[in-house]
Amino acid sequence: MSQQDKVIYFFGATGDLARHKIWPAIANMYRSNECFRIVAFGGKGPQPESGFNQWLKDVLQGQDIDIDAFAERIDYHAIDLLDHEAPLPVTLNESQTSVFYVALSTHLYRPLLERLSQYLPTPNCRIVLEKPIGTDLQDGLEIQKKLRALFTEDQIYRIDHYLGKRTVQNLLALRFANSIFEYQWNQKYIDHIQISIAESKGIDERAAFYDNIGALRDMVQNHLVQLLCLVAMEPPASLDPEAIRNERVKVLRALKPLSSHDVVRGQYTAGSIDGQPVKAYREELQESTQKNSSRTETFVSLKAEIDNWRWAGVPFYLRTGKRLPTKCCEIVVQFKTVPHPIFQNQKTFGSSNRLIFRLQPEESIKIELFEQTNEDRKSVRPSKLSLDTHELYGSSMDAYERLLLDALNGDPTLFVREDEWSEAWRWVDTVLKEWEQTATEPFSYMAGTWGPTQSISLLARERRTWEDPNS
């Protein structure tokens, strides 16, 4: 197959996400001899193609790739999507697989779809959309309506790159291929589950985008909710994409309505990260946008409950935030304590086991057990058994690379279906509306800490504590 048979039309090609995630993934695909060409569209940033080529060299600096040869596959265009008179250099035909990759701010989705309506998408066309799609449920539904006017559902790929991580796929294998876990994967044996996505960085150059979105839209209703679905879903009838996605939807529909009483939102103030002073969110925002006040949350923690037989009474604690002490993503499955701990110091460590899925910065799976100490046969100590996926498999393709290849090859398994998307939005939408109506301020937390003290209280009132990702 020649590179002319597969074309990626990349909108948002000079944005922050493109710089840090998408171009490195595309470069890896090129290095692996994948055949495709790219038509890239940028707004702000480099204008002429020569300026873009230099920008791309800076982005891919240090990678083992012939950037000049790679750049020959790319046609770059600086465009203004709001200028409806300027044509888009898009050519579609039946023999070509065309993927529209959309990594734009959500307010540009409708102008882009209006521009694409001038073309007649072929059956081999697909569109990949980055989150969030819309600013709330109603806004998103309007975008979905325009999408469905141009594309069928099997042509629409709503991306969540966490679904492309190897450890996430291993989570399903660990559950459904091992009876030792699946028989205990329920309310009888599990006390609670924690899912954390922490970032040590601030808003950087994303200030204008982020202040209109916030952590609940940016992280909770997609990344965290999708991870919750994978942890909680029932075994699918097969590995068919629709069978897997059907089970994820069932989890979303079983979620109890989210109450603001069970949600904590925060915004970071000045502090330090790794011993270096960092500014408050509002200071960074003012430097980038001249805006000196904001109620946008940079941190969210919440308690979710699933109203079904498997999970009745098991809380799922979710949290995410910026300017936290470290960058990490973890899923911690906390098993219940043994009925009668007989070792004299077992309560010192807590008398229960934990299963820990680490998705970043490194990917690993650990189970925390207890073993007898050498010094005293009446005492135990915690010990971890580890499945280090990096050591086991070596370097593997990045999540974005895996998902881009799936989109090119027409595999929707790791993408979000419309009913998944709408159920996730519906779940958080009531809280967003309440925040808007009450106009309450987010709680403050110092940069370099694990969020507001109210987040600790969210678990403490049920005699639980957040797990330390550094432990």
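Here's what I pulled together on the structure shown here. (Residues numbered from 1 in each chain as written. Predicted model: local features only at pLDDT ≥ 70, side-chain atom pairs only at ≥ 80, totals over all residues. Heavy atoms only, no water.)

### Overview of the packing of helix α4 (residues 109–116) against helix α5 (residues 137–150)
Interaxial distance between α4 and α5 falls to 10 Å at its minimum, and their mutual angle equals 15°. When the axes of α4 and α5 are compared, the pair comes out roughly parallel. Seen from above, α4 lies across α5 with left-handed handedness. Facing Y109, R110, L113, E114 and L116 of α4, the residues of α5 in contact are D139, E142, I143, K146, L147 and L150. (Axes fitted to C-alpha atoms, helices over the stretch in contact; angles between N-to-C directions. Helix = DSSP H or I, 4+ residues; strand = E, 2+ residues; numbered from the N terminus. Parallel < 35°, antiparallel > 145°, perpendicular 65-115°, else oblique. Left-handed = near helix turned anticlockwise from the far one by under 90°. Contact = heavy atoms within 4.5 Å.)

### A word on the nonpolar core
Core analysis: the largest hydrophobic core is formed by 134 residues, its most contacted members being F10, W23, F70 and F316. Ranked by residue count, the leading element in this core is helix α9 (residues 214–232), at twelve residues. Beyond its immediate stretch of four places on either side in the chain, F70 contacts W23, I26, A27, Y30, I38, L56, L60 and I65. (Core = buried A, V, L, I, M, F, W, Y, C linked by side-chain atoms within 4.5 Å. Buried < 20%, exposed > 50% of the residue type's maximum accessible area, 1.4 Å probe, protein only.)

### Details of the packing of aromatic side chains
Taken as a whole and assessed by the stated rule, the structure comprises 17 aromatic pairs. Taking 5.2 Å as the distance between ring centres and 25° as the angle between the ring planes, the aromatic pair formed by Y9 and F100 counts as stacked. Linking Y9 in strand β1 (residues 6–11) with F100 in strand β4 (residues 97–102), this pair joins segments that are 91 residues apart in sequence. Judged by relative accessible area, which is 1%, Y9 ranks as buried. When the ring of F11 is compared with that of F41, the centres are 4.4 Å apart and the planes differ by 5°; the resulting orientation is stacked. Of this pair, F11 sits in strand β1 while F41 sits in strand β2 (residues 37–42); the two residues are 30 residues apart in sequence, bridging distant segments of the chain. In this structure, F11 and F41 share a single accessibility class: buried. (Phe/Tyr/Trp six-rings, centres within 6.5 Å; stacked < 30°, edge-to-face > 60°.)

### Remarks on unusual backbone geometry
Cis geometry is adopted by the peptide bond preceding P132, which originates at K131 and carries an omega value of -10°. For P132, the position within the fold is in the loop between β5 (125–129) and α5. One non-glycine residue with positive phi stands out, namely Q290, at about 70°. Structurally, the position occupied by Q290 is in the loop between α11 (281–289) and β11 (299–305). Unlike most non-glycine residues, A439 shows phi in positive territory, near 55°. A relative accessible area of 35% means that A439 is categorised as partly exposed.

### As for helix α14 (residues 399–409)
The element α14 is extensively covered by neighbouring structure, given that ten of its eleven residues are classed as buried. Within α14, the full set of buried residues consists of A399, Y400, E401, R402, L403, L404, L405, D406, A407 and L408. The secondary structure elements touched by the buried residues of α14 are β1, α1 (16–31), β4, β5, β6 (156–158) and α6 (166–176). Two to three positions downstream of the cap, the backbone nitrogen of Y400 sits 2.8 Å from a side-chain oxygen, assigning the N-cap of α14 to D398. Positive backbone phi, at 80°, marks G410, one or two positions downstream of α14. (Polar contact = N/O pair within 3.5 Å; in protein donor to acceptor, adjacent residues only side chain to side chain.)

### Digging into the environment of G451
Structurally, G451 can be placed in the loop between β17 (443–446) and α16 (453–460). The buried category is assigned to G451, whose relative accessible area is 13%. With 75 residues separating them along the chain, G451 and D376 place their C-alpha atoms 39 Å apart. The contacts of G451, once residues within four sequence positions are left out, are F299, L324 and Y445.

### Comments concerning the side chain of Q267
Mapped onto the elements of the fold, Q267 is located in strand β8 (residues 263–269). The exposure class of Q267 is buried, given its relative accessible area of 6%. There is a polar contact of 3.1 Å between the side chain of Q267 and the backbone oxygen of S294. If we ignore the near neighbours within four places in the chain, the residues touching Q267 are Y281, R282, S294, R295, T296, T298, P442, F443, S444 and Y445.

### Regarding the sheet that holds β2
Pairing within the open sheet is parallel, and its six strands lie in the order β3-β2-β1-β4-β5-β6. One side of each edge strand has no neighbouring strand; the edge strands of this open sheet are β3 (74–78) and β6. The average undirected angle you get between the axes of adjacent strands in this sheet is 15°. Taken together, the five bridges between β2 and β3 define a ladder with parallel strand orientation. Note on β3: the bridge partner recorded for F41 is H77. (Pairing = 2+ DSSP bridges.)

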